[in-house]
Amino acid sequence: MIARVGSGKSTAGLIWYLFDTKEAKDHTDPHLVASWDGFAPDPGRADDFDATKKLLVADLDLRVKQARRLGRGLKQHVWHCSIRAAPEDRILSDDEWADVARRIVRATGIAPEGDPDGCRWVAVRHAPDHIHIAATKVRGDLSPARHWHDYLNADRELASVEKEYGLRQLVRGDRTAAQRPTRAEKEKALRTGRRTTTREHLRTTVRTVVAASTSPEEFIRVLTGVEGVLVDVQHFPSGDIRGYKIALSGDTNAQGEPIWFSGSKLAPDLSYPQIRQRLDATEALPTDPTGTRRRTDPWHQATAATERVPHHLDRADDEAAQAHIAAFGEALDALPLVAPADLRPQLRQAATAFERATRSRVRARHEQAQALRGAVRTLRTAPAGGDGSGLAMFLDMALLAVIATIRWHRLRHHDQQVAAAQQTLDHLRAAYGQAAAAPLAALADRKPPTDKVARLAQHIRTVVPDHGETVLTDPAWPALATALSEAETDGHDPRRLLQVATHQRTLDDAVSPAEVLTWRIRRLAHRPPPSDRALAAQARSTRAARPMAVHRNEPVAATSLSPTPRPSPRR
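All chains use their own residue numbering, which begins from 1 and follows the written sequence. Where totals are concerned, whole chains, interfaces and linings use all residues; where local detail is concerned, this predicted model gives features only for residues with pLDDT of at least 70, and gives and counts side-chain atom pairs only at 80 or more. To obtain the side-chain values, all non-hydrogen atoms of the structure were used and water was disregarded.

Description of the overall build of the chain
Note the threshold: Helix and strand labels come from DSSP, where a helix needs a run of H or I of at least four residues and a strand needs a run of E of at least two; each type is numbered from the N terminus. Residues count as neighbours in contact if any of their non-hydrogen atoms are within 4.5 Å of one another. Accessibility throughout is a Shrake-Rupley quantity obtained with a 1.4 Å probe, and a residue counts as covered only by protein chains that appear here.
On a plain count of helices and strands, the chain comes out with 22 helices and eight strands. When contacts within the chain are restricted to residue pairs at least 6 apart in sequence, those whose partners lie at least 24 apart make up 72%. Counting every atom, the chain has about 28,200 Å² of accessible surface; 51% of that belongs to carbon and sulfur.

In structure tokens, the structure reads:
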């Protein structure tokens, strides 16, 4: 059920609308289903409609007029709440709608339970699927109604009604969503031939600039340089930046002036103070002693940081978890900047959908996600060409991060965020399938000789006995064989890499275990192979741990590089 709450200044005008059947063709059989005392005159069931309607308006306005005579009148004295059931809900009876109306006026403070001075109200039904509650906001003691947060209270009560009546339970928010475009904005976008409204276009622009910036100063500088965008930066008397406004070039009002949006009007986390807080918590890019940036593969860096997101979300620190979700959202915002053109539409849709999942009532401690945010910024240096394996590897890990985000929000009953993350998952899966096809095929084309493939297959059966045959019959097995062979050529032990890769997360729920292992092997092989001294130390550690592990019927820890094993979310 959905409630809409508003105010007005004409009781007669609202009652006329609710009982009108001439101009409002969809109004059928308008009548009262409930009222403040159960005895209000019902124009819909009276022989003299006009006279009864006037009588009803007079009864509702009685206290309003009394208050005015005492100089205590209200300019907006009418309270109006419409309540509509979902299209798939069953048709409620008049008695059921009456119960809903009474619960709403109690919950909103219009007529609290057991309060003899509650406001006068009526509930009118003029269609099968909804009712309207009309009330005058003057209590019996002639004081104004106490109906603070009426929409939230009505929405909360309707959630209980849905459960008790067996109706569709709607996804509800927590007032952290970005403001939706108005109908006028949507109509203007259609008239001008734009796919999105100005508000949505500017929101995407600002989020992308935030994802690419490393400091508040760089954010303002890059935003100012975006083509087709006007930026107005406000300053304090001290010269420090106070905020910013942004407009789309050519988008003007009737007077020909640009239509400006402050950052907070685009989204709650896009105000300048919020952006500054996030960027101040961005870890500087690593440098070598000479002061030049260290040459590390940006995709491997971002993937490694994203791999730790599920671990952070499994911990008890909600504020740190929220920070990592927000930082991961910035990674998705940045992807269209560095992805091939054919992948950008899906990635933009994924970033747009996940935007809603990056905010909740949990306050993020952004300093807790410095490493992830810093790794995201390295994507700016990702090579434009390449075989696409870096992007595919990152998307493979991003899917797990999104699934972990869904689980985290669901446990906290963040319904809108769960729905948004699920939409993101669909877009990312499509993008991954498209991005992974070429690099997997390229790996398969470099498949090693038959005897080496047979030896690697034996490693699979030994290290991954529960999934061995599944991996070996997977279409991506040739690509995995190449990844293992090339890692071995670079000095890595294939068995050791497989142990680490399978110890990180279970393969039980993987759609393609060979693909999952391929990207893990590629990322692990990117690290320098361990020295003989390190291998000897690991061997001593493994021998010391083996008796205990065998006694407890648990697998021996593969290497000191492997993180603590944890269940894998379904991908």
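A short note on the sheet that holds strand E7 (residues 241–248)
Where we set the bar: Between any two strands, pairing holds if DSSP finds at least two bridges.
A sheet is described by the order of its strands in space; here three strands give the open sequence E6-E7-E8, paired in antiparallel fashion. Either end of the sheet is taken by a strand with one partner, and the two such strands are strand E6 (229–235) and strand E8 (261–262). One ladder, built from seven bridges, connects E6 with E7; its direction is antiparallel. For Val231, the partnering residue across the bridge sits in E7 and is Ile246.

Quick notes on the packing of helix H15 (residues 389–411) against helix H21 (residues 513–525)
Our working rule: Think of each axis as a best-fit line through the C-alpha atoms, taken over the contacting stretch in the case of a helix, with angles from 0 to 180 degrees between the N-to-C directions. By the definition used in this description, the sense in which the near helix is turned from the far one sets the handedness, with an anticlockwise turn below a right angle giving left-handed and a clockwise turn giving right-handed. Polar here means any residue outside two lists: the nonpolar Ala, Val, Leu, Ile, Met, Phe, Trp, Tyr, Cys and Pro, and the charged Asp, Glu, Lys and Arg; Gly therefore counts as polar.
The geometry of H15 relative to H21 is characterised by a closest axis approach of 10 Å and an angle of 115° between their N-to-C directions. Crossing of H15 against H21: the hand is left-handed. Every residue of H21 that contacts H15 at Ser389, Ala392, Met393 and Asp396 is listed here: Val516, Trp519, Arg522 and Arg523. Residue classes in the contact of H15 with H21 are distributed as four nonpolar, one polar and three charged.

Brief notes about the pattern of salt bridges
Using the following cut-off: For this analysis, a salt bridge means a side-chain nitrogen from Lys or Arg found within 4 Å of a carboxyl oxygen belonging to Asp or Glu. Summary of the burial criterion: residues with accessible area below 20% of their type's maximum are buried, those above 50% are exposed, and those between are partly exposed, where the area comes from a 1.4 Å probe applied to protein chains only.
Within the structure shown, the criterion is met by 36 salt bridges. Across the pair Glu488 and Arg455 runs a salt bridge, and its minimum N-O distance is 3.1 Å. Residue Glu488 is found in helix H19 (residues 477–489), and its partner Arg455 is found in helix H17 (residues 450–463); the two are separated by 33 residues along the sequence. For Arg455, a relative accessible area of 35% puts it in the partly exposed group. The network of salt bridges with common partners includes Arg207, Asp269, Arg278, Glu330, Asp333, Glu355, Arg359, Arg373 and Arg377.

Topic: the nonpolar core
The line we're drawing: The term nonpolar core refers to a set of buried residues drawn from Ala, Val, Leu, Ile, Met, Phe, Trp, Tyr and Cys, joined through side-chain atoms within 4.5 Å.
Residues Trp299, Phe328, Leu335, Leu395 and Leu428 are the most contacted members of the largest nonpolar core, which totals 57 residues. Listed by contribution, the elements that provide at least two residues to this core are helix H10 (298–307), helix H11 (309–313), helix H12 (318–338), helix H13 (344–355), helix H14 (370–378), H15 and helix H16 (415–445). Residue contributions to this core peak at 13 residues, all from H15. Not counting chain neighbours up to four residues away, the residues in contact with Phe328 comprise Thr306, Phe354, Leu372, Ala398, Ala401 and Val402.

Quick word on H12
The test is simple: Residue count minus one, scaled by 1.5 Å, sets the expected span of a helix.
Along its 21 residues, H12 runs 31 Å from first to last C-alpha, staying within 8% of the 30 Å computed at 1.5 Å per residue. Of all the 21 residues making up H12, 18 are buried; the element is thus mostly covered by neighbouring parts of the structure.

Some points on the side chain of Asp150
Stated precisely, the cut-off is as follows: By the counting scheme adopted, Arg and Lys are positive, Glu and Asp are negative, and His together with the chain ends is not counted.
Tracing the backbone shows Asp150 in helix H4 (residues 150–165). For the buried residue Asp150, which engages in no salt bridge, the nearest side chain bearing the opposite charge is Lys137, 6.9 Å off. If near-sequence neighbours (up to four positions away) are discounted, Asp150 is found in contact with Val5, Trp79 and Thr108.

A look at the packing of aromatic side chains
The condition that has to hold: Here is the rule: rings of Phe, Tyr and Trp (six-membered ring for Trp) pair when centre to centre is within 6.5 Å. Planes less than 30 degrees apart are stacked, more than 60 are edge-to-face, and the remainder are tilted.
Using the criterion set out here, one finds four aromatic pairs in the structure. For the ring pair Phe328 and Phe354, a centre distance of 5.4 Å and an interplane angle of 90° mean the geometry is edge-to-face. Residue Phe328 is found in helix H12, and its partner Phe354 is found in helix H13; the two are separated by 26 residues along the sequence. Across the pair, exposure class does not vary: Phe328 and Phe354 are buried alike.

Digging into unusual backbone geometry
Phi is mostly negative for residues that are not glycine, and the peptide bonds are mostly trans. For Asp29, which is not glycine, the phi dihedral falls at a positive 50°. Of note, Asp29 is situated in the loop between helix H1 (11–19) and strand E2 (31–35). Residues other than glycine seldom take positive phi values, yet Leu142 does so here, at roughly 70°. With respect to the secondary-structure elements, Leu142 resides in the loop between strand E5 (130–136) and H4.

Let's talk about the sheet that holds E2
Taken in spatial order, the five strands line up as E1-E3-E5-E4-E2 in an open sheet, and their pairing is antiparallel. The strands lining the two open edges of the sheet, one partner per strand, are strand E1 (2–8) and E2. Between one strand axis and the next, the sheet turns by 20° as a mean value, whatever way the strands run. The pairing of strand E3 (residues 78–84) with E5 spans seven bridges and is antiparallel. Note that in E5 the partner of His80 across the bridge is Ala134. Strands in contact with H1 are E2, E3, strand E4 (121–127) and E5; relative to E5, the strand with the most contacts, it is inclined by about 165°.

Comments concerning the environment of Arg90
Which entries qualify depends on this criterion: The term polar contact refers here to a pair of N or O atoms within 3.5 Å; inside protein, the definition further demands a hydrogen-donor-capable atom paired with an acceptor-capable atom, and it admits residues adjacent in sequence only when both atoms are side-chain atoms.
Looking at the secondary structure, you find Arg90 in the loop between E3 and helix H3 (94–108). Sequence separation between Arg90 and Gly166 is 76 residues; the distance between their C-alpha atoms is 9.1 Å. Leaving out residues up to four positions away in the same chain, Arg90 has contacts with Glu96, Tyr165 and Leu167. Within the structure, the side chain of Arg90 is placed 3.1 Å from the side chain of Glu96, a separation counted as a polar contact.

Here we look at the pairing of E5
With seven of its seven residues buried, E5 lies for the most part within the structure. Of the two faces of E5, the one holding His130, His132, Ala134 and Thr136 and the one holding Ile131, Ile133 and Ala135 are both buried throughout. Of the pairings in the sheet, the one linking E4 to E5 comprises five bridges and is antiparallel in character. Bridged to Trp121 within E5 is Ala135. If you look at the hairpin formed by E4 and E5, you'll find two residues sitting between the two strands.

Notes on the environment of Trp36
With respect to the element layout, Trp36 can be found in the loop between E2 and helix H2 (49–69). Sequence separation between Trp36 and Arg102 is 66 residues; the distance between their C-alpha atoms is 8.5 Å. When near neighbours in sequence (up to four residues on either side) are disregarded, Trp36 contacts Asp59, Leu60, Cys119, Arg120, Trp121 and Val122. One polar contact links Trp36 to Asp37, side chain to side chain, over a distance of 3.5 Å.

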